[in-house]
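Examination of the molecular architecture
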Number of protein chains: 2
Amino acid sequence: MRIGVLGTGIVGRSHAARLVDLGHEVVMGTRDVSRSLSVNTVDYMGNPPLREWLDRNPQVRLTPFSEAAKHGEIVINAINGMHALEGLHLAGNENLDGKVIIDITNPLDFSRGMPPSLFISNTDSLGEQIQRSFPSARIVKTLNTMSAPLQVNPRLLMDGDHHTFISGNDPEAKRVVVQLLEDYGWRNVIDIGDIASARGPEMVLPIWTRLLGVLKTPMFNFKLVYER
Amino acid sequence: MRIGVLGTGIVGRSHAARLVDLGHEVVMGTRDVSRSLSVNTVDYMGNPPLREWLDRNPQVRLTPFSEAAKHGEIVINAINGMHALEGLHLAGNENLDGKVIIDITNPLDFSRGMPPSLFISNTDSLGEQIQRSFPSARIVKTLNTMSAPLQVNPRLLMDGDHHTFISGNDPEAKRVVVQLLEDYGWRNVIDIGDIASARGPEMVLPIWTRLLGVLKTPMFNFKLVYER
């Protein structure tokens, strides 16, 4: 399948590499290709320069947001939450029209220091903002409640015995996303409702960031425990 | 131990009954004793009138908030979140001074319909508001992320193989609370930090209410899955 991955950080890279492994044709989108390639230092999270990563992942082609979105039958939104709407506007409504958009973003605001707060929450969510801004796209929020390595390979932790959630307005889009999640190795996907239900997983981030501090590892997730 | 339970809803009743079973001397506080006893219908959650419940739990004495708080070496705040601060003011600063206050409240706002939003979140929490309002009390936030039956008897679900969190500024108060939680049957208690970390578990409520709708049972909880 042709998949456009928007964003070149650890989330975008993790998805792009995993999707190539799964046999998909992946194009990675960025705001400014030459600027992205000019970085030659590790980022604040310790990730190597994008150019090095691309050298090791030659099947991933780097293009502007618009070309990656146009390429994708499915588009993965892995842009930093703070710039997600702007990035999608650069991708272009005409390149997102009717497509399944997997939205992994979080509305994290680091401007007040650590731990971060959310720049939108409670009575709205970033998932909803994106759906309202691109009404003909089919937004499915998922995977925003765990670290990138677990997003694309949940079996790395307890053989996948933990959960992710999906929110979205379009049942067929959700079916497409659940299939991709299963290809990633997800065993437990819970559909929690329409795109407004994205408020729930986005508001998990404050406890997630606290737990990151306590556990000193990003390799954790929540398992929903209930009597079946 | 002498324990004051503030609040007569399902949360207060569950704690009061369980604490009596564990051998504690429990006094339950309410705003207006005669009004609480005059109710003779089931409430909106299907709970029987308080008078009937007290008849079946004769070791629990019903008093005004202030008397229950004065009685308690530990005070459990199980007041409806919307009225929690007002109820604690009625309990009286002098009756809370220096005491461990177990805060189970959630800032749920049902005024916009279902699912509820939060009337405080993100850059503040109800736990912090209470600590600020009663600086000489030792607030420990816990148990707000699961239903009342599971709060007091976690082994009812998967033999307790799931988690609760604690937040608070006073290490000794947290030790007291962890002991009580273990007496309830909790096996997994994670200290996530100072009282500001209460934002995390309070912001779990939006996904919790969505999951309640999906699972059609309140007998669920989250298990934190990580490599030890």
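The numbering scheme is per chain: residues are counted from 1 as the chain's sequence reads. Ligands are numbered from 1 and chains lettered from A, in the order in which they are written. Per-residue local features of the predicted model are confined to residues with pLDDT of at least 70, and side-chain atom pairs are confined, for both listing and counting, to 80 or more; whole-chain, interface and lining totals are unaffected and use all residues. Heavy atoms from the whole structure form the basis of all side-chain values; hydrogens and water molecules are not counted.

**Here's the deal with the relation of the copies chain B and chain A**
Convention followed: A residue counts toward the fit only if its pLDDT is at least 70 in both copies, and the copies are then superposed by least squares on the C-alpha atoms of those residues. Every residue pair with non-hydrogen atoms within 4.5 Å of one another is taken to be in contact.
Rotating chain B by 180 degrees and translating it 0.0 Å along the rotation axis places it on chain A, where the RMSD comes to 0.0 Å. One copy is carried onto the other by what is essentially a two-fold rotation axis. No C-alpha of chain B approaches the rotation axis more nearly than that of Lys223(B), which lies at 2.5 Å. Interface residue correspondence from chain B to chain A reaches 100%, placing this contact among same-surface, isologous pairings.

**Considering the interface of chain B and chain A**
Keep this limit in mind: Summed over both partners, the accessible area (1.4 Å probe) lost when two parts come together is defined as the buried area. Here, a salt bridge means any side-chain nitrogen of Lys or Arg that lies within 4 Å of a carboxyl oxygen of Asp or Glu. By the criterion applied in these results, polar contacts are pairs of N or O atoms within 3.5 Å in which, for protein atoms, one can donate a hydrogen and the other can accept it, and in which residues neighboring in sequence qualify only through two side-chain atoms.
Opposite the 38 residues of chain B that make contact, chain A presents 38 residues. Carbon and sulfur atoms make up 69% of the area that chain B and chain A hide from each other, which totals about 3,100 Å². The largest share of the area that chain B buries against chain A comes from Ile207(B), Arg210(B) and Val225(B), three residues that together contribute 20% of it. At the boundary of chain B with chain A, the tally comes to 2 salt bridges. We note a salt bridge from Arg210(B) to Asp194(A), for which the minimum N-O separation is 3.3 Å. Counting every contact that joins chain B to chain A gives 7 residue pairs in polar contact (both at pLDDT 80 or more).

**Quick notes on the confidence of the model for chain A**
Keep this limit in mind: What pLDDT reports is the predictor's confidence in each residue, on a scale of 0 through 100.
Summarising the model, chain A shows a mean pLDDT of 97, and 100% of its residues fall at 70 or more. Across the assembled chains, the prediction reports ipTM 0.96 with pTM 0.97.

**Description of unusual backbone geometry**
All names here are of chain A. This is how the line gets drawn: Strands here are runs of E lasting at least two residues and helices are runs of H or I lasting at least four, both read from the DSSP assignment and numbered beginning at the N terminus.
Cis geometry is adopted by the peptide bond preceding proline 115, which originates at methionine 114 and carries an omega value of -10 degrees. Mapped onto the elements of the fold, proline 115 is located in the loop between strand 6 (108-109) and strand 7 (117-118). The phi torsion at asparagine 122 lies on the positive side, around 75 degrees, for a residue other than glycine. Among the structural elements, asparagine 122 can be located in the loop between strand 7 and helix 7 (126-133).

**Structural notes on the pattern of salt bridges**
Convention followed: Working definition: with a 1.4 Å probe on protein chains only, accessible area under 20% of the residue-type maximum means buried, over 50% means exposed, and in between means partly exposed.
Taken as a whole, this structure holds 28 salt bridges over all chains when the rule is applied. Across the pair Arg31(A) and Glu86(A) runs a salt bridge, and its minimum N-O distance is 2.9 Å. Pair noted here: Arg31(A) is in the loop between strand 2 (25-30) and helix 2 (33-38) and Glu86(A) is in helix 5 (residues 84-91), with a separation of 55 residues, a long-range link. Between Asp191(B) and Lys174(B) there is a salt bridge whose closest N-O contact spans 2.8 Å. Here Asp191(B), found in strand 10 (residues 189-193), pairs with Lys174(B), found in helix 9 (residues 171-184); they are 17 residues apart in sequence, far enough to count as distant. Overall, Asp191(B) belongs to the partly exposed group, its relative accessible area being 36%. Given the relative accessible area of 9%, Lys174(B) is considered buried.

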